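Here's the letter readout for the chains.
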Amino acid sequence: MAEPPPTIGALKTLGVTGVLPLCRDCKHGGAVAFDALGLPDDTPFPHVLGSRRFRCQNCGSRDCHVTPDWRNYRASGMG
Ligand SMILES: [Zn+2]
C-alpha cells in the first residue's frame, strides 16, 4: 500500500519553499523556489523532477540530485 506522492501544495503547507538541487560533481547546491518553476500546486513532487532539467549553477553539470528544500520545514507532532 503505497502512499501517493506529495504535491507541491502539500509540501508548501509543511514549510517547504522549493527544491534543492545538489550537484554530484562539485557539491554546489542552489535552492529553486516552487514559484520559480511555474508549476501548479497540485503537481506531484516526482513530476517536478521529471519535468525540468536541473543544472548546476556553479559548474553547469546536469548530474544533480534534487530533493525538497526542507530547511524551513516545520516539524509537527515531534514533541
Ligand atoms: Zn556543479
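Note that the structure is predicted; figures quoted are calculated from it, not measured. (Residues numbered from 1 in each chain as written. Predicted model: local features only at pLDDT ≥ 70, side-chain atom pairs only at ≥ 80, totals over all residues. Heavy atoms only, no water.)

Peer 1: Explain the side chain of D69 here, please?
Peer 2: Structurally, the position occupied by D69 is in the segment after β3 (64-68). Among the polar contacts made by the side chain of D69, one reaches the side chain of R71 at a distance of 2.8 Å. For D69, the contacting residues outside a window of four places in its chain are V16, T17, G18, V19, L20 and A31. (Helix = DSSP H or I, 4+ residues; strand = E, 2+ residues; numbered from the N terminus. Polar contact = N/O pair within 3.5 Å; in protein donor to acceptor, adjacent residues only side chain to side chain. Contact = heavy atoms within 4.5 Å.)

Peer 1: Can you walk me through a nonpolar patch on the surface in this structure?
Peer 2: The grouping of L14, W70 and Y73 at the surface amounts to a nonpolar patch, some 270 Å² of accessible area in total. Turning to its location among the elements, W70 is positioned in the segment after β3. (Patch = residues over 30% accessible without salt bridge, like charges linked within 9 Å, V, L, I, M, F, W, Y side chains within 5 Å. Areas by Shrake-Rupley, 256 points an atom, 1.4 Å probe, with all protein chains shown as cover. Salt bridge = Lys/Arg side-chain N within 4 Å of Asp/Glu carboxyl O.)

Peer 1: Could you clarify how one ought to interpret the coordination of the zinc ion in this entry?
Peer 2: Each pair of donors in an ideal four-coordinate tetrahedral metal site encloses 109.5 degrees, whereas pairs in an ideal six-coordinate octahedral site enclose 90 or 180 degrees. At 2.3 Å from the zinc ion lie its protein donor atoms, namely C23 (SG), C26 (SG), C56 (SG) and C59 (SG). Geometry at the zinc ion is tetrahedral, judged from its four donor atoms and the angles of 104 to 117° they form at the metal. Considered as a linear motif, the donors of the zinc ion on their single chain read C-x2-C-x29-C-x2-C. Classification of C56 as buried rests on a relative accessible area of 6%. C59 sits in the partly exposed class, given a relative accessible area of 42%. (Donors = N, O, S within 2.8 Å, 3.2 Å for Na, K, Ca; no water. Tetrahedral: all angles 85-135°; square planar, octahedral: opposite > 155°, others 65-115°. Buried < 20%, exposed > 50% of the residue type's maximum accessible area, 1.4 Å probe, protein only.)

Peer 1: Whenever I open this one, the nonpolar core confuses me. Can you help?
Peer 2: In a soluble, globular protein the nonpolar side chains are often hidden away together inside. One finds V19, F34, L37, F45, V48 and F54 to be the most contacted residues of the largest nonpolar core, which totals 14 residues. Listing elements by their share of this core, those giving two or more residues are α1 (8-13), β1 (18-23), α2 (34-37), α3 (45-51) and β3. Beyond its immediate stretch of four places on either side in the chain, L37 contacts V32, V48, R52 and F54. (Core = buried A, V, L, I, M, F, W, Y, C linked by side-chain atoms within 4.5 Å.)

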